[in-house]
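Understanding the architecture of this molecule
Given next are the chains, with one letter for each unit.
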Amino acid sequence: MSVDAPIDTSVSASIDTSVSASVSASGAASPTSQTDRRGRRAAAILMRAAARETVSTLSRRAGGLRRTDADDHVPDRARHLRTTLEELGPFYIKVGQILATRPDFVPDHVREELGRLNDEATAEPFSAFSAVLDQDLGAHWHKRFAFIRTERPLGSASLAQVYRADLADGTPCVVKVQRPGADRAVLGDMRVLRRAARLVTRFMPHFNEVIGVEAMTEVLFDAMRDELDFTREASNMKAARKLARDYKRISVPKVVHATPRVLVQALADGVAINRVKDDALTPKKRKEIARQLIDFQFRSYFVTGRFHADPHPGNILVSPDGTAHIIDWGMVGRLDRSARLTMLGILLGLARNDAEAVARQWTRMGSSTPWSNNTGFVQDLSRKVPLWSNATLAELNYGVALMSVLQYSSRRGIQVAPIVSIIGKSLANIEGSVRCIYPKLKLTTSLSHTLDGVMRDLLRAETSPEQLAQHLLDFLSLTDKTAGHLQAVARDLASRQFTVQARTNLGDPITHGRSHR
């Protein structure tokens, strides 16, 4: 095997030892001590960030800056938040990426800065990953490859690095290797954040009833767990490849071999979609790529229920022949049947300029609280939906527009389904990628083109033997319940104990009926 740099099997000393858990007498990591370590580490980083911001604020006040002058430092605060999340580690970077699509409680200037968290992470030397390859592929893993470029990774993300290689038979491929200790770090951070979510639930019940902090964090955890086990990512890729067969311009790399921390896949030759040169593709190819990417994503949402949650420009590579390769299937969202139909109803309402339908489906996806103002929510959307329904990607960020509905629903006391955060991130990313190559595309027009195929697939699913059996069971269950209720009412009428109770807005309950013994 030829290499561009020596392969060192020792683990780099530069790896953050805080990732390691305390080791018990048996040699196994203690989850409790691990959580405590991650919690102390996070607290220390946050305290340093808070101290830095405090010193900066005091300095500005001591300098006698006016409020307008102090406002000039707002971008600095947003940048410090981004760098703090990067220092906290992979899990918090993902949290920041999701917050970048949450206008309901994140200001615009902060969301813009957090959007930069999609950029590549600092690369570690290959020697830091050799031990992972030894453990997952065996001591003689290098015999699997004729060549591997070790001096510079193809990509460096928060959880892994990717290297260009050739298999022993000469087939081009890439090797994705998880950063040492990344899984322990993320799982430890999950436990820390789970504790924080419980505190929010306990001390901020009103906020939690609308936002659903614990449920939202669990949805994020579920989406990220696939990133910690590359065999799950390989499963996601295989399912996506099956869907991609229906598209001329879409491709998903083939999995060659997968272990929990190493993924070998076919080479996706191309450049990031936001780096495609103006003269590299014809307008026709650009339009085809854009439409098929949106169609592929819509069918993932509404038909298969398994969708790429992180399709930002770095994860879509366009080859010279006009093929868009969708890579990095670690972070994947999942929708059940009810959520798929409701999400489709929201986008259809948007396409039809029907604010009431959008509000109704959105509320159905979540739930109302005792203080919900559904009428006010419809009024909020009636001012916005007409502006959104016919805009191009150059004119409107639909992902952010969709997530801004959260702002209105939260303000009106309507609880939002936790999965909306992942959907919003996914939609914002895919449309941002498509905007790079064909900004004239209208999302609502694409939805109309996609609808025929989606409805056929949904109809096929509804008439499957399994679904017909479910419908029959639901009908029989409803029949039994209805019969039971009617029998109970009949007994009450027969014994003259039937009572109707109504409540006015001003007085006590008013009861009508008779009860004779």
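Use the structure listed above.
1. Focus: the packing of helix α10 (residues 230-244) against helix α11 (residues 283-304)
Running from N to C, α10 and α11 point in directions that differ by 115°, and their axes come no closer than 11 Å. Judged by the angle between their axes, α10 and α11 are roughly perpendicular. Handedness of the crossing formed by α10 with α11: right-handed. Taken together, the residues of α11 that come into contact with α10 (itself represented by A240, L243 and A244) are F296, R299, S300 and T304. Looking at the contact of α10 with α11 residue by residue, the classes come out as four nonpolar, two polar and one charged.

2. Overview of the pattern of salt bridges
Pairing of side chains with opposite charge becomes possible as their charged atoms draw close. The final tally for this structure, using the stated rule, is 13 salt bridges. For R435, the salt bridge is made with E431, and the minimal N-O distance between the two is 3.3 Å. Within this pair, R435 and its partner E431 are both found in helix α16 (residues 420-437), separated by four residues, close to a single helical turn. A residue is classified by how much of its surface remains accessible, and R435, at 23% relative accessible area, is partly exposed. A residue is classified by how much of its surface remains accessible, and E431, at 0% relative accessible area, is buried. Where salt bridges share partners, they join K176, E233 and D328 into one cluster.

3. Quick notes on empty space enclosed by the protein
This structure, assessed with the given rule, holds three cavities of 30 Å³ or more. Each pocket or cavity is described by its volume, and for the largest cavity that value is around 80 Å³. If you go around the largest cavity, the residues you meet are I346, L347, L350, V358, V385, W388, Y398, A401, L402, V405, L427 and L443. Only α12 (337-351), α14 (374-388) and α15 (398-411) provide two or more residues apiece to the lining of the largest cavity. At four residues, α15 tops the list of elements feeding residues into the lining of the largest cavity. For the lining of the largest cavity, the class distribution of residues is twelve nonpolar, no polar and no charged.

4. Quick word on the pairing of strand β4 (residues 160-167)
Burial analysis of β4 places six of its eight residues in the buried class, which makes it a mostly covered element. Relative to β4, strand β2 (residues 145-148) runs antiparallel, the two being bridged by three bridges. Opposite F147, over in β4, you have D166 as the bridge partner. The pairing of strand β3 (residues 155-156) with β4 spans two bridges and is classified as antiparallel. Pairing of G155 across the sheet is with V162, part of β4. Pairing analysis gives seven bridges linking β4 to strand β5 (residues 172-178), with the strands arranged antiparallel. Within β5, the residue paired with Y163 across the bridge is V175. Where β4 folds back onto β5 in an antiparallel hairpin, the turn is made up of four residues, including G170, whose phi is positive at roughly 95°.

The rules we used
Each residue is numbered by its place in its chain's sequence as written, counting from 1. With the structure being a predicted model, the display of local features is reserved for residues of pLDDT at least 70 and the display and counting of side-chain atom pairs for 80 or more, all residues being used for whole-chain, interface and lining totals. As a rule here, side-chain values come from all non-hydrogen atoms in the structure, and water together with hydrogens is ignored. The angle between two axes is taken between their N-to-C directions and runs from 0 to 180 degrees, where each axis is a line fitted to C-alpha atoms and a helix contributes only its stretch in contact. Secondary structure counts use DSSP, requiring at least four H or I residues in a row for a helix and at least two E residues in a row for a strand, with both numbered from the N terminus. For classification purposes, angles smaller than 35 degrees are called roughly parallel, those larger than 145 roughly antiparallel, those between 65 and 115 roughly perpendicular, and all remaining angles oblique. By definition, turning the near helix anticlockwise from the far helix through less than a right angle yields a left-handed crossing, and turning it clockwise yields a right-handed one. Two residues qualify as a contact provided that any one of their heavy atoms is within 4.5 Å of a heavy atom in the partner residue. Residues are grouped as follows: Ala, Val, Leu, Ile, Met, Phe, Trp, Tyr, Cys and Pro are nonpolar; Asp, Glu, Lys and Arg are charged; every other residue, Gly included, is polar. By convention in these notes, a salt bridge is any Lys or Arg side-chain nitrogen within 4 Å of a carboxyl oxygen on Asp or Glu. Throughout this description, buried means an accessible area under 20% of the type-specific maximum (1.4 Å probe, protein chains only), exposed means over 50%, and partly exposed covers the range between. A 1.4 Å probe that fits but cannot get out identifies a cavity on a 1 Å grid over protein atoms alone, an open set with protein on both sides within 12 Å along at least five of seven lines counts as a pocket, and a residue lines either if it has an atom within 4 Å of a point. Grid points are joined across faces, edges and corners, and a volume is the space filled by probe spheres set on the points. Strands are labelled as partners when DSSP assigns at least two bridges between them.

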